[in-house]
Amino acid sequence: MLLRSLTLITALAPLTAMAADSENRFAVDGIGVGRCSVLVAANDAGDTALVAGFGSWASGYLTATNALTPGTFDMTPWQSESLILAQVGTYCRQNPDVPFFEALRRLIQQLDPVKLTEASEPLTLTAGENTAQIYAAVAQGVRDALTALDYDVADGDAGLTEAISAFQTDNALDPTGLPDQRTLLRLFNR
């Protein structure tokens with residue numbers, strides 16, 4: 001089963017020539033074969049176990065994508081499993097008959113231009129008593145985005161957390177000073 005799943009990931013990666021057979025057909029195992037409507041219904045019904053099943057399948061799929069796609073270190077360097085599911089869920093709500101794996105594959109295609117292509121060291125940011133860990137490359141992206149928006153990030157990590165807090169305040173977000181999912185989504189999708 002693992003080998004068939006890895007073959008699926010390889011087939012769905014941007015290199016479609018690596019598909020399972022000469023006609024680009026492949027087997028999909030597990031919950032990924034389910035229709036988008038199943039995820040939408042599970043979300044609407046509050047079926048956390050089924051939603052978690054989709055999340056676990058998506059995490060495995062993304063890990064295999066990282067491992068099997070040339071030039072990829074991390075396809076989702078800052079996005080949480082819940083954010084990925086929310087993004088796929090939005091697509092699924094509009095396309096209920098599409099298989100879940102296809103919805104996730106489409107998201108991966110959208111994320112490809114912003115993936116990490118090389119390993120990046122983790123960086124721990126501290127604001128007050130709270131901390132957050134992100135890749136140093138993502139922190140640099142945050143610095144660049146904040147600088148482009150005229151926030152002052154000149155004073156190392158302390159300046160970065162102050163600039164994040166100012167951005168959060170200006171965008172009606174909880175001003176924690178830390179790069180949480182909502183903050184990064186708003187900052188990187190401007």
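Every chain is numbered independently, its residues counted from 1 as its sequence is written. Reporting in this predicted model follows two pLDDT cut-offs: at least 70 for local features of residues, and 80 or more for side-chain atom pairs to be given and counted; totals over whole chains, interfaces and linings ignore these cut-offs and use all residues. Only heavy atoms go into the side-chain values, all of them from the structure, while hydrogens and water stay out.

Asker: I'd like to hear about the environment of Phe167, residue by residue, with values.
Answerer: Tracing the backbone through its elements, the reader meets Phe167 in helix α7 (residues 156-170). Judged by relative accessible area, Phe167 falls into the buried class, the value being 1%. On a C-alpha basis, the gap between Phe167 and Arg186 in space is 9.7 Å, while along the polypeptide they are 19 residues apart. In what follows, residue pairs with any heavy atoms lying within 4.5 Å of each other are defined as contacts. Not counting residues within four places of it along the chain, the set of residues in contact with Phe167 comprises Leu146, Leu149, Tyr151, Leu173, Thr183, Arg186, Leu187 and Arg190. Where helices and strands are cited, they refer to DSSP runs of H or I of at least four residues and of E of at least two residues respectively, numbered from the N terminus. Between buried and exposed lies partly exposed: a residue is buried under 20% and exposed over 50% of the maximum accessible area for its type, with that area taken using a 1.4 Å probe on protein chains only.

Asker: Tell me what's going on with the layout of surface pockets, and back it up with residues and numbers.
Answerer: Counted as a void, the largest pocket has a volume near 360 Å³. Around the largest pocket, the lining is made up of 16 residues, and of these Trp78, Gln79, Leu111, Val114 and Phe188 lie nearest the centre. Taken together, the residues of the lining of the largest pocket sort by class into 10 nonpolar, 5 polar and 1 charged. Only protein atoms enter the 1 Å grid used here, on which a cavity is any set of points holding a 1.4 Å probe that cannot leave and a pocket is any open set flanked by protein within 12 Å on both sides along at least five of seven lines; residues with an atom within 4 Å of a point are listed as lining. Grid points are joined across faces, edges and corners, and a volume is the space filled by probe spheres set on the points. Each residue receives one of three labels: charged for Asp, Glu, Lys and Arg, nonpolar for Ala, Val, Leu, Ile, Met, Phe, Trp, Tyr, Cys and Pro, and polar for the others, Gly being one of them.

Asker: Any chance you could break down the pairing of strand β2 (residues 130-135) for me, citing the residues and the numbers?
Answerer: Pairing between strands requires that DSSP locate at least two bridges from one strand to the other. Direction of pairing for strand β1 (residues 122-127) relative to β2: antiparallel, over a ladder of 6 bridges. Looking across to β2, one finds that Thr126 is bridged to Thr131. Hairpin geometry of β1 and β2 is characterised by an intervening segment of 2 residues between the two adjacent antiparallel strands and by a positive phi of about 65° at Gly128.

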